[in-house]
Amino acid sequence: MLTTSDFLTFTKWAGILTLACGVITVVAFIFKWGLRFRLVGATGLLGVLTTGLFALAIVPFSRTVIPGAVKFNVVYDTGAAQTVIVVPKEITETELEATLRQAASDLFSYGRVSGVDNQLTIRARTILHPEPGVSKPLFLGQVKRSLATRDDENMAVEIYSESFAQLPKRTA
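Residues numbered from 1 in each chain as written. Predicted model: local features only at pLDDT ≥ 70, side-chain atom pairs only at ≥ 80, totals over all residues. Heavy atoms only, no water.

Novice: Where do I start with a nonpolar patch on the surface in this structure?
Specialist: A grouping of I24, V26, I30, F31, W33 and L35 is seen on the molecular surface, where their side chains present a nonpolar patch of about 610 Å² in accessible area. Its location among the elements puts I30 in helix α1 (residues 4-30). (Patch = residues over 30% accessible without salt bridge, like charges linked within 9 Å, V, L, I, M, F, W, Y side chains within 5 Å. Areas by Shrake-Rupley, 256 points an atom, 1.4 Å probe, with all protein chains shown as cover. Salt bridge = Lys/Arg side-chain N within 4 Å of Asp/Glu carboxyl O. Helix = DSSP H or I, 4+ residues; strand = E, 2+ residues; numbered from the N terminus.)

So this is what it looks like as structure tokens:
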């Protein structure tokens, strides 16, 4: 994954290329070359490209990794304050807590519409198959976090211990 320092390097080279193209454009206007207006367009495009690369260089876009979290998939998301993720049925309570914290970090967005309490609720579930052809969703826990602040210190993680008792036992 590219880092902000990589984008800063790309910005430097794109800026140099933009300035060089700008100088060529000025020379083209002085000598009335036929492609001078095309060079204006190329210089403008390079300027926009350089500006975009600079924006990527100053905005940190790193993903927080929570140790112990397992892979999850989002199965329901209102785009507002409710989300459901699915986790493997072999998950432990400590892994679920880390996974819920990881999901809370990954799914945070300032663009989510807040509800009455300005909270994002992420529920974790798995699917059990008690008999062939029958599927039973089992909710294992949830996390509630603020929609207003990215680093929410007051996240409320709730693990449903009674649901873990229904999970099949691991074989060693």
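Novice: Honestly, the nonpolar core in this entry has me stumped. Any pointers?
Specialist: Within soluble globular proteins, side chains that are nonpolar generally end up buried alongside one another. I85, V87, L96, I122 and L140 are the most contacted members of the largest nonpolar core, which has 20 residues in total. Going through the elements one at a time, α3 (93-106), β3 (119-131) and β4 (134-146) are the ones with two or more residues in this core. Residues contacting V87, with those up to four places away along its chain left out, are F72, L96, T99, A124, R125, T126 and L140. (Core = buried A, V, L, I, M, F, W, Y, C linked by side-chain atoms within 4.5 Å. Buried < 20%, exposed > 50% of the residue type's maximum accessible area, 1.4 Å probe, protein only. Contact = heavy atoms within 4.5 Å.)

Novice: Hey, could you run me through the sheet that holds strand β2 (residues 82-86) in this one?
Specialist: Each strand in a sheet pairs with its neighbour through backbone hydrogen bonds, running either in the same direction (parallel) or in the opposite one (antiparallel). Strand order across the open sheet formed by five strands is β1-β2-β3-β4-β5, with mixed pairing between neighbours. The sheet is open, and its two edges are formed by β1 (73-77) and β5 (156-159), each paired on a single side. Within this sheet the neighbouring strands show an average axis-to-axis angle of 25°, counted without direction. By the bridge criterion, four bridges tie β4 to β5 in an arrangement that is antiparallel. Bridge pairing links Q142 to E158 in β5. (Pairing = 2+ DSSP bridges. Axes fitted to C-alpha atoms, helices over the stretch in contact; angles between N-to-C directions.)

Novice: Just to check I follow, could you spell out the packing of α1 against helix α2 (residues 36-58) for this structure?
Specialist: What describes two packed helices is the angle between their axes and the distance between those same axes. As a packed pair, α1 and α2 sit with axes 8 Å apart at the nearest point and diverge in direction by 160°. Overall, the two elements α1 and α2 adopt an arrangement that is roughly antiparallel. The way α1 lies across α2 gives a crossing that is left-handed. Split by residue class, the contact of α1 with α2 holds 18 nonpolar, nine polar and one charged. (Parallel < 35°, antiparallel > 145°, perpendicular 65-115°, else oblique. Left-handed = near helix turned anticlockwise from the far one by under 90°. Nonpolar A, V, L, I, M, F, W, Y, C, P; charged D, E, K, R; others polar.)

Novice: Teacher, can you tell me more about the pairing of β3 here?
Specialist: Across a regular strand the side chains alternate sides, sitting on one face of the sheet and then on the other. Across five bridges, β2 lies against β3 in parallel orientation. In the sheet register, Q82 faces β3, and the bridge partner there is T121. Sheet topology note: the β3/β4 ladder contains eleven bridges and is antiparallel. Note on β4: the bridge partner recorded for E131 is V134.

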